[in-house]
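Read off the chains here:
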Amino acid sequence: MLKRLEEKDFLCLLERIAERWQLLVPQRMSDGSRLLLPWQGGLPVLAGPPLQRKPTEVFFPQLELLLELDDAGGVALPNPPEKPPALLGLDHLDLAGIAFLDRFFLSPPTDDAYLRRRRGALLVGVSGLAGAQGETLPPLEGECDLELILAPDGLLAHPHTARGTELLEGFAEAAPDKLAALDRNATELLPEILLKAARLLQEERVPEDFWEEIAARCIACGGCNFACPTCSCFGVQDRTFGKRTERSRLWDSCQLDAFMREASGHNPLGTETLRTRRRIYHKLVADPLRWGEPGCVACGRCDRACPTGIGMFALCEELVRTCDRHGS
Ligand code: SF4
Ligand code: SF4
């Protein structure tokens, strides 16, 4: 049932959430960007540019302790967090990224480290007039527990799960016509340019020299992968401190030379051309085959991160132009 939240109700909702979860909310930084940070009272910044960092890092952090070993062969797992996290202020693309990683890490065999952080987490999405320039963000379709809707005359809330309903208990109902002024039509996740590029790749119509040209611009910084909410590759490292060894995992990047290099020195992805092509094929060809959906949610983070202008959108635009020119 749709609820109307006055400012005091919204603060009350935040308190309710913070009692049971470690609440993270969008906050504005001095450069205008927004980050998900622990709530410390006050109102979160629901509208604005997309969250600077991918929210999936809450469940799959850059560096994560997996276990500790002692010299007697004992193994200790890290304690689960005291409270599960609650991520508030996620847009439809953030939620699509989380859904993608959930499917990847929680499909059998389940990834225990991911599950330890993800179990019990609360997701609070945002839609309505929350875009960077006040534009309308599309409605959410059950990918979150609770949807906050910025309507022209105030904040509304719509529960999608039993937990969402419980959190909204006692707040005033809102008439459904409060949504009438908003565009509540769902949009396609992938914009046309990415769909077109995906078709060209799937039909193997991209000339080989396209990849050489693009790869020549890559400086192998890994930024595209580290910014991407659906990238899931990691390496494992052991570090020994006296009698104790820590085993951790650390994000990896398929744009780096050592990504697939074997101990023998053989490298199946031994050139930047092969690595660049693989990154894009993986997301737009292999993932749709495996999961029925692309491994790109079109969040644009890799385009903002790439110092040489070959993130997903820029690359796909060039790819389509090149194929048009070649008549392929
Ligand atoms: S736009 Fe880039 S960063 Fe975002 S999901 Fe697609 S590949 Fe990843
Ligand atoms: S961000 Fe750009 S330059 Fe850096 S690894 Fe990715 S494609 Fe290469």
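Rules and cut-offs
Residue indices begin from 1 for each chain and proceed along its sequence in written order. The order in which chains are written sets their letters, starting at A; the order in which ligands are written sets their numbers, starting at 1. Totals for whole chains, interfaces and linings use all residues, but because this is a predicted model, local features are given only for residues with pLDDT of at least 70 and pairs of side-chain atoms are given and counted only at 80 or more. Side-chain measures were taken over the full set of non-hydrogen atoms in the model, leaving aside hydrogen atoms and water. Any residue with a heavy atom lying within 4 Å of a molecule or strand is counted as near it. Each residue gets one of three labels, nonpolar for Ala, Val, Leu, Ile, Met, Phe, Trp, Tyr, Cys and Pro, charged for Asp, Glu, Lys and Arg, and polar for the others, Gly among them. Counted as salt bridges are all cases of a side-chain nitrogen of Lys or Arg within 4 Å of a carboxyl oxygen of Asp or Glu. Counting from the N terminus, the helices are the DSSP runs of H or I reaching at least four residues and the strands are the DSSP runs of E reaching at least two. Between buried and exposed lies partly exposed: a residue is buried under 20% and exposed over 50% of the maximum accessible area for its type, with that area taken using a 1.4 Å probe on protein chains only. For the domain bounds, the source is a domain assignment made automatically or taken from a database. Contacts: residue pairs with any heavy atoms within 4.5 Å of one another. Buried area is a sum: the accessible area each of two parts loses on coming together, probed at 1.4 Å, counted once for each and added. Arc, as used here, means the arc of the directions from the helix axis to the C-beta atoms. Any two strands with at least two DSSP bridges between them are considered paired. Every axis in this analysis is a line fitted to C-alpha atoms, fitted for helices over the stretch in contact. Angles between the N-to-C directions lie between 0 and 180 degrees. Angles below 35 degrees are treated as roughly parallel, those above 145 as roughly antiparallel, those between 65 and 115 as roughly perpendicular, and all remaining angles as oblique. A helix is expected to span 1.5 Å multiplied by its residue count minus one.

Undergrad: Would you take a moment to explain the site of ligand 1 for this structure?
TA: Around ligand 1 lies a shell formed by Cys228, Pro229, Lys283, Cys296, Val297, Ala298, Cys299, Gly300, Arg301, Cys302 and Met312. Counted by class, the shell around ligand 1 contains 8 nonpolar, 1 polar and 2 charged residues.

Undergrad: Would you explain the pattern of salt bridges in this entry?
TA: It is possible for side chains of opposite charge to pair when their charged atoms get near one another. All chains considered together, the criterion is met by 22 salt bridges. The partner of Glu64 in a salt bridge is Arg249, with the nearest N and O atoms 3.2 Å apart. Highlighted residues: Glu64 in strand β4 (residues 63–70) and Arg249 in strand β11 (residues 244–251), separated in sequence by 185 residues. Summarising the burial analysis for this pair, Glu64 and Arg249 share the class buried. Here Asp257 and Arg261 are joined by a salt bridge, their closest N and O atoms 2.8 Å apart. What makes Asp257 partly exposed here is its relative accessible area of 35%. Judged by relative accessible area, which is 43%, Arg261 ranks as partly exposed. Residues participating in the shared-partner salt-bridge network are Glu64, Asp111, Arg117 and Arg249.

Undergrad: Quick question: what am I supposed to make of the domain arrangement of the protein here?
TA: You'll often see interface size given as the accessible area lost when the parts meet. Segmentation of the protein into domains returns domain 1 (3–60 + 73–179) and domain 2 (192–327). Taking only C-alpha atoms, the centre of domain 1 and the centre of domain 2 are 28 Å apart. Counting from both sides, the interface comprises 22 residues of domain 1 and, opposite them, 23 residues of domain 2. When the area that domain 1 buries against domain 2 is broken down by residue, the three leading residues are Lys54, Phe60 and Phe100, summing to 41%. Taken together, domain 1 and domain 2 are joined by 3 salt bridges. The partner of Asp94 in a salt bridge is Arg301, and the shortest N-O contact between them spans 3.2 Å.

Undergrad: Where do I start with the site of ligand 2 in this structure?
TA: Surveying the vicinity of ligand 2 reveals 13 residues, the closest of which are Cys218, Cys221, Gly222, Cys224 and Cys306. Residues of the shell around ligand 2, tallied by class, amount to 8 nonpolar, 4 polar and 1 charged.

Undergrad: How should helix α6 (residues 208–215) be read in this particular structure?
TA: Note on helix geometry: an α-helix contains 3.6 residues per turn, so any two residues three or four positions apart are oriented the same way. Of the positions making up α6, those classed as buried are Phe210, Trp211, Ile214 and Ala215. All buried residues of α6 fall inside an arc of 125 degrees around its axis, so they share one side. The inward-facing, buried residues of α6 abut α5 (192–202), α8 (272–291) and α10 (312–326).

Undergrad: Explain the pairing of strand β8 (residues 146–151) to me, please; I cannot follow it from the model alone.
TA: Each regular strand shows side chains that alternate between the opposite faces of the sheet. Within β8, 6 of the 6 residues are buried, which leaves the element mostly enclosed by the surrounding structure. As paired elements, strand β7 (residues 122–128) and β8 share 5 bridges and run parallel to each other. Along β8, the bridge assignment pairs Val126 with Leu148. One ladder, built from 6 bridges, connects β8 with strand β9 (residues 154–159); its direction is antiparallel. When the bridges of β9 are listed, Leu150 appears paired with Leu155.

Undergrad: Which parts of the structure should I look at to understand the packing of α5 against α8?
TA: Orientation of α5 relative to α8, taken along the N-to-C sense of each, is 80 degrees, at an axis distance of 10 Å. Judged by the angle between their axes, α5 and α8 are roughly perpendicular. Only Ile280, Tyr281, Leu284, Val285 and Pro288 of α8 make contact with α5, whose side of the interface consists of Leu194, Ala198, Leu201 and Gln202. Considered class by class, the residues forming the contact of α5 with α8 number 8 nonpolar, 1 polar and no charged.

Undergrad: Can you help me understand the environment of Leu66 in this one?
TA: Position of Leu66 relative to the elements: it lies in strand β4. Along the chain, Leu66 and Leu150 lie 84 residues apart, while their C-alpha atoms are 40 Å from each other. When residues no more than four places from it in sequence are discounted, the contact partners of Leu66 are Leu77, Pro78, Ala113, Arg116, Val236, Arg247, Ser248 and Arg249.

Undergrad: Explain the sheet that holds β4 here, please?
TA: Strand pairing in a sheet takes place through backbone hydrogen bonds and is either antiparallel or parallel in direction. Read from one edge of the open sheet, 4 strands run β5-β4-β11-β10, paired in antiparallel fashion. Two strands bound the open sheet, and with one partner strand each, they are β5 (75–76) and β10 (234–241). Note: β4 against β5, 2 bridges, orientation antiparallel. Residue pairing in the sheet places Glu68 in a bridge with Ala76 of β5.

Undergrad: Just to check I follow, could you spell out the environment of Leu194 for this structure?
TA: Within the secondary structure layout, Leu194 lies in helix α5. Judged by its relative accessible area of 0%, Leu194 falls in the buried class. Once the C-alpha coordinates of Leu194 and Glu19 are considered, the two residues, 175 residues apart in sequence, prove to be 42 Å apart.

Undergrad: Whenever I open this one, helix α1 (residues 7–20) confuses me. Can you help?
TA: Over its 14 residues, α1 extends 21 Å from the first C-alpha to the last, a length consistent with the 20 Å expected when each residue adds 1.5 Å. Where α1 is concerned, the buried positions are Asp9, Phe10, Leu13, Leu14 and Ile17. Across the axial projection of α1, the buried residues extend over an arc of 140 degrees, all falling on one side. For α1, the exposed residues set more than 90 degrees away from the buried face come down to Lys8 and Glu19.

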